[in-house]
Each structure stands twice: as structure tokens, then as C-alpha cells.
Amino acid sequence: MIFKKSADYFQVAQGVWGTRILFVNVYFIANRRGFPKGWVLVDAGIQGSASHIISVAESIFGTGAKPSAIILTHAHSDHTGALEELLKQWDVPVYAHEYEVPYITGKSSYPPSDPTVGEGIMSIMSLLFRKKPLDISRNVRIIDMENGVAELPEWRIIHTPGHTPGHISLFLPLNTTLIVGDAFVATKQESAIYSISNIKRISGPPRYMTTDWVAAEASVKILSSMEPRIAGTGHGPVLRGRELQEGLRNLAENFVELAVPAGGRYAETPAEADETGTYYIPPFRSTTKFKAVAGLAGALAGFAIIKAFVK
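Reference entry: report on the structure contained in this document.

So, how was this worked out
- Residues numbered from 1 in each chain as written.
- Predicted model: local features only at pLDDT ≥ 70, side-chain atom pairs only at ≥ 80, totals over all residues.
- Heavy atoms only, no water.
- Helix = DSSP H or I, 4+ residues; strand = E, 2+ residues; numbered from the N terminus.
- Buried < 20%, exposed > 50% of the residue type's maximum accessible area, 1.4 Å probe, protein only.
- Contact = heavy atoms within 4.5 Å.
- Areas by Shrake-Rupley, 256 points an atom, 1.4 Å probe, with all protein chains shown as cover.
- Expected span 1.5 Å × (residues − 1).
- Polar contact = N/O pair within 3.5 Å; in protein donor to acceptor, adjacent residues only side chain to side chain.

1. A few points about the overall build of the protein
Counting secondary structure elements, the protein contains 9 helices and 14 strands. Taken over 311 residues, the protein has a buried fraction of 57%. By sequence separation, contacts in the protein at least 24 residues apart represent 67% of the contacts at least 6 residues apart. When the accessible area of the protein is evaluated, it comes to approximately 13,800 Å², of which 52% is carbon and sulfur surface.

Below, the structure is given as C-alpha cells:
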């Protein structure tokens, strides 16, 4: 999968930009005057998007621009797909939470996706997502959760698990800007129509890859309590002002009804992980009908999306 170079990007806040790659967002954060010069990349998009990310970086920061670091909100394949290719061009530190490190050092695989959560074809397509962990051990740095990341001194790093064990969000107190990865999203990510068309809808983390719903709810409540004025999520458009605060508060107060699937592998029993990786996965219960539908729909959906959006 190869993407043509493009300089398409959008402003999130002062010193913060984003670019949308098919259905996922990547962010670029610059330090303000008076702080160490430089910028960081937050997340690394899908496979084949390295040239797009580099092109956007050069459009914002100038030819040959190189980040001082890359920060991962989490290591799912749609947020790390271009990481290995980017590191060939930019040999920089890659920061992640301690509980996320096993998935980028080849030590552990994530729990399998849950295609039974429904709500759209993207849930079924999750069967096709990369399952093997990356191994970029040489570049990996564990985030100091008390002191943050030295290359981005004004921003706080917040542990927001649930979608993954080591999921983190970034917060700038100066203007209450959040970059939240998939702790919550700004579209209905389970739906290909919503996600590809970038239709706005404040939603919980993508259901098909969220493995601990109790932790996910706690994370959304923490983020809501911070009363952010701006939020850039891993999927969907930028959220601002009252729409963001009221929508996030509603999600936090009604999380079970709005976000948690009625059934599925992780709805009642979470997967469990620590700094060594995943050590417990609840059993999966399938049906003959589901297997048939999943196989057909996954193949057709994958072919249709690749044909339509990859030139």
C-alpha cells in the first residue's frame, strides 16, 4: 500500500497540526519560543504512509525537517504502520508507556480483535489487522510518567488505558489541548462510512480493538474532568469548545450505554497485561454464521477500500 506525497494537513491549535491518512490521524507538535527548539510526531499512521508524513512535516517545518522524537499513543497497526520506514529516514527516539513497550520490541502480541462487536464493517475488517508485534527496540524509550518527555516539556503525558494497556494521551495545560489517540474518538470508527467520510460523532474507543472496558471508562472520565477546549483524536475531525466538553461529559456519564458493546469477547472480561505484555486473553465464542459472514465481508470490504482509496 503506497500513498502519494501530499502536503494536506490541518491546524489543531497553536503549534499543533494534524494530517489524515485514509481513516487515521497523525499529529505534529512544535515547542513554543523559549522552550527547546524542535517538534515531535505523535503516532505513525498506516503502512505505506511514510512519504505522506514526511511531506507534511516538510510543508510545516521546512525541507529536511526531522522530529526530535516520535511519541506513540499506542502501538496498534493503524498508529504504527509507517514507523519502521520513518525510522530509516529519521533515526530518533520513540517514546511509549512501559505497558506498550512489549508490542514494539517484539516481545508480545496484542490480544486479538473482537469482530463480534458489530456496528459496522470496520469491526469485521479488524480480522485483517497486523497481528505480529513490531521490533524497533533500538529506538524505544519508556516514558517517564512523572516528568513527561524531555523533547516536549510543556505537555503532560496521561496514562489512559483501556483501548490498550499502555495507551497514553497528551495534554497542554496552557490552552487545554488534548491529543488522545483512541481513548475516545471523533467518529463512529466501527462504520466504514463514518470513518472514511470523516463524519463527526464523539464516541468511545474503537470497540473491535478495546480489551478493557472498565479501564476505558475510567480514562474517559479523567479526560472529561480536565475540561479540554480542543481535542485531536486518532480518528475523526478536531473537536472544540462546548461541543467537545458537553459531548465528552455525556460520554463519560453514559459510557456503558454509549460505548461498551452489548456482547463480545471483552465486554465482561478484560484481557490482562503488564510490562511483559499480554498474559491473559478471555476465550472467544463464535458461530458458523458469523464465520461465513466475517470471511466474505472482510474480503469484500478490504478489496473495496483499497481499490477506492489507494492510487
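2. Some words on helix H1 (residues 50-61)
Compared with an ideal rise of 1.5 Å per residue, which puts 12 residues at 16 Å, H1 spans 16 Å between its outermost C-alpha atoms and is within 8% of the ideal. If you check which residues of H1 are buried, you get Ala 50, His 52, Ile 53, Ile 54, Ser 55, Val 56, Ala 57 and Ile 60. Backbone geometry just after H1 places Gly 62 at a positive phi near 110°.

3. Examining the environment of Asn 31
Along the chain, Asn 31 falls in the loop between strand S3 (24-30) and strand S4 (39-42). In sequence terms Asn 31 and Trp 155 are 124 residues apart; their C-alpha atoms lie 9.4 Å from each other. Every residue in contact with Asn 31, bar those within four places of it in the chain, is listed here: Pro 36, Lys 37, Gly 38, Glu 151, Leu 152 and Pro 153. Here the side chain of Asn 31 touches Glu 151 through a polar contact of 3.0 Å, landing on its backbone oxygen.

4. Looking at unusual backbone geometry
Unlike most non-glycine residues, Asn 198 shows phi in positive territory, near 60°. Judged by relative accessible area, which is 24%, Asn 198 ranks as partly exposed. A positive phi angle, close to 50°, is found at Glu 227, a residue other than glycine. Mapping Glu 227 onto the fold places it in the loop between helix H6 (213-225) and strand S11 (230-232). Residue class for Glu 227 comes out partly exposed when judged on its relative accessible area of 49%.

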